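Residue-level structural notes
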Amino acid sequence: MKQTIWARVYDIVRPYKLRMVFSMATLLGLTGLGLLSPIWAAKLLGKALPNGDSELFVQCIVILALIHVFSSLISYIYSFQMRVLGGRLVFDLRRKMYDHLQKLSLGYYESRTSGEIISRMMNDVNAVTSLLTGTVLNTLISSVKALALIGVLFYYNEVVATVAIAVLPLHFLGYFIFRARISHLALRSSEKMAQIYGKVSEVVGAIKMVKSHSGERRESRSLIAQMRENYEIDLHSGNLSKIWAQATGNISYVGQVLVMLVCGFSVLRAELTLEEYIMLMSYVGMLYAPISELIGVVQQILPAKVGIRRVFEVLDTTPEVVDPPDGMRGVIQGRIEFKDVSFAYPQGDQVLRHVSFVARPGEVVAFVGPSGSGKTTIANLIARFYDRAEGCILIDGSDIQKYQLRTLREQTSIVLQETYLFRGTILDNIRYGRPEATREEIEIAAKQANAHEFISILPNGYLSILGANGTRLSGGQRQRIAIARALIRDPRILILDEATSALDTVSEAKVQEALQYLIQARTTFVIAHRLSTIKSAHKIVVLNEGRVEQIGSHDELFAKDGLYRELYDPEWAEKRSKLRDERIKRLANVA
């Protein structure tokens, strides 16, 4: 049975229920002290001063001062409890959300902007915690306070109590009038903020491209337009909330005027004393305050519910790639076999169609083919970023889905064309491949990757701080650090996805030399547009429109008239095309 949203909210708070109970107790204490104040204020103004009773006057002043001191102390305790509770809830909820995000499949991130994910983790979590630490308790306390005041009023004067509560139902008409519109605006505001986060994240990440295309003003106008939309949404929502609050205040004022008339005429008829008049008016004023607080709480709940739903949407998202409960562990030898594998992305066309090949331990297998032929998709399936739709993928004779994801990924390294380096030292970036690696092991990996030489001449060597994504290094230097990061893991399976395609000739030569260390004694898959870099591969798989068109070594494939030779030797392909066209013309003329 699916839990309601409030049952799930309670699950979040449950570890802190004792602290919540203590906080409620402090608020109840504040409420009790607040109920005492009108009694002694009424005695002071309605009895001590008119009668010139100095002893009662001093007694009232002392008691009111004590009430104020104890109220301040309890209020501080309550505020401290709320700070601790709010901080713990934010910490735990963000940690839970972040841990869950780490488990989600690659497809989740490819279908959403980073700004949307950050917005949910930061803004929406704040909405949840503000609801739990302030709104919920305030709702309970305001309700208790209102009921207590109604009881006190009925105890002292039933007529005044009846008049006071007669207008209470009018306060809640606004809920039915404004609820849907404010909830809708809160959802639009959250979505718009996610878009703004995404836009900022996108532009900052591509700031070099933006500047190189003189796009600063264009991006600024685009962001301003989105912020203006968000401003208008928030303004509209704020106006509705203000109208609601104003209507509530006016209703309260009407109630107070009615009570004032009833009590005033009672005093004139000598049915009430001045002391009782002051006390009853104070209690009526106090009664409408928690009612207004409840209306304010409802206004806070509406946008907070939107935040709760958005947080739970993330937590309810299940990974597409699931770790088997009793997954296989141990060392992978590296024999990988695709058997009639087909695959399509969730919102796209079929990418792979009945692909079959075998890669043996220690072999270098290259994938070539036109753009969109499925080369990178095969790499994603080997790393199990996605699961195949049909067919079977075997590692050392066992289904890839039977392996524990951690076991598979710890023995797999990927070097991409667009290398990502974290902000931090070069040492930390290389060590990311194996956190327990020693300084000596890191330097050995850097030497094998042809990175040690340029690292050593940096002012701080391996402790040099890199900017975001290593922007202070050249493309070849970043790539060699990435290779060192892969080497430090000593993987059984290595995937090189266009690892040298964006480099100049000198950088490519150094990277290729580093790759020779990397591919030794492990199963290596290479994706390359520069076919000259894969001549030494043991096996080349030629793909076209998601199908395997040819398999063989360079010499075998080059000797055949096929797609591989067309890709490798465009001049030959062009001559062949011309000869074919001429032959067709001759046949047409004969006909």
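See the structure above.
Throughout what follows, the structure given in this document is the object of discussion. What you see is a predicted model, and the numbers here were worked out from it, not measured in a lab.

**A word on the pairing of strand E2 (residues 350-359)**
Each regular strand displays side chains that alternate between the two surfaces of the sheet. For strand E1 (residues 336-344) and E2, the ladder comprises six bridges, and the chain directions are antiparallel. Counterpart to Ile336 in the pairing with E2 is Ala359. In this structure, the hairpin formed by E1 and E2 is closed by a connection of five residues.

**Brief notes about the sheet that holds strand E12 (residues 547-552)**
Hydrogen bonding along the main chain pairs the strands of a sheet, whether they run parallel or antiparallel. Taken in spatial order, the six strands of this open sheet run E6-E9-E10-E3-E11-E12, and their pairing is mixed. Only two strands of the sheet have a single neighbouring strand rather than two, namely strand E6 (412-416) and E12. Going from strand to strand, the sheet's axes swing by 15° on average, the running direction of each strand aside. Where E6 and strand E9 (residues 493-497) come together, five bridges link them in parallel fashion. Residue Ile414 lies in a different strand from E9, and its bridge partner there is Ile495.

**Details of helix H10 (residues 216-268)**
Counted at 1.5 Å a residue, the expected span for H10 with its 53 residues is 78 Å, and the 75 Å between its end C-alpha atoms agrees. Of the residues trailing H10, Ala270 is marked for its positive phi of about 65°.

**Topic: the packing of aromatic side chains**
Summed over the entire model, instances satisfying the criterion amount to 10 aromatic pairs. Between the aromatic rings of Phe338 and Phe357, the centroid separation amounts to 4.6 Å while the plane-to-plane angle is 20°, which identifies the pairing as stacked. Pair noted here: Phe338 is in strand E1 and Phe357 is in strand E2, with a separation of 19 residues, a long-range link. Taken as a pair, Phe338 and Phe357 share a single burial class, namely buried. Plain terms: the ring middles of Phe357 and Phe367 are 5.3 Å apart, the flat faces sit at 65° to each other, and that makes the pair edge-to-face. Here the residue Phe357 occupies a position in strand E2, and Phe367 occupies one in strand E3 (residues 364-368), the gap between them amounting to 10 residues. With respect to burial, Phe357 and Phe367 carry one shared label: buried. Of the aromatic side chains, those joined through ring pairs into one cluster are Phe338, Phe357, Phe367 and Phe525. When the ring centre of Trp40 is taken as origin, the NZ or CZ atom of Lys43, which lies over that ring, is 5.8 Å away. Positioned over the ring face of Phe558 is Arg565, at 4.6 Å from the centre of the ring.

**Observations concerning the side chain of Ser237**
By secondary structure assignment, the location of Ser237 is in helix H10. Apart from the residues lying within four places of it in its own chain, the contact partners of Ser237 are Ile182 and Leu185.

**With respect to unusual backbone geometry**
One non-glycine residue, Asp396, adopts positive backbone phi at about 55°. Turning to its location among the elements, Asp396 is positioned in the loop between strand E4 (390-395) and strand E5 (398-399). We classify Asp396 as partly exposed; its relative accessible area is 27%. In this structure, Glu545 takes a positive phi of about 55° despite not being glycine. By the secondary structure assignment, Glu545 is in the loop between strand E11 (539-544) and E12. The class for Glu545 is exposed, based on a relative accessible area of 60%.

Thresholds applied
- Residues numbered from 1 in each chain as written.
- Predicted model: local features only at pLDDT ≥ 70, side-chain atom pairs only at ≥ 80, totals over all residues.
- Heavy atoms only, no water.
- Pairing = 2+ DSSP bridges.
- Helix = DSSP H or I, 4+ residues; strand = E, 2+ residues; numbered from the N terminus.
- Axes fitted to C-alpha atoms, helices over the stretch in contact; angles between N-to-C directions.
- Expected span 1.5 Å × (residues − 1).
- Phe/Tyr/Trp six-rings, centres within 6.5 Å; stacked < 30°, edge-to-face > 60°.
- Buried < 20%, exposed > 50% of the residue type's maximum accessible area, 1.4 Å probe, protein only.
- Lys NZ or Arg CZ within 6 Å of the ring centre and 35° of its normal.
- Contact = heavy atoms within 4.5 Å.

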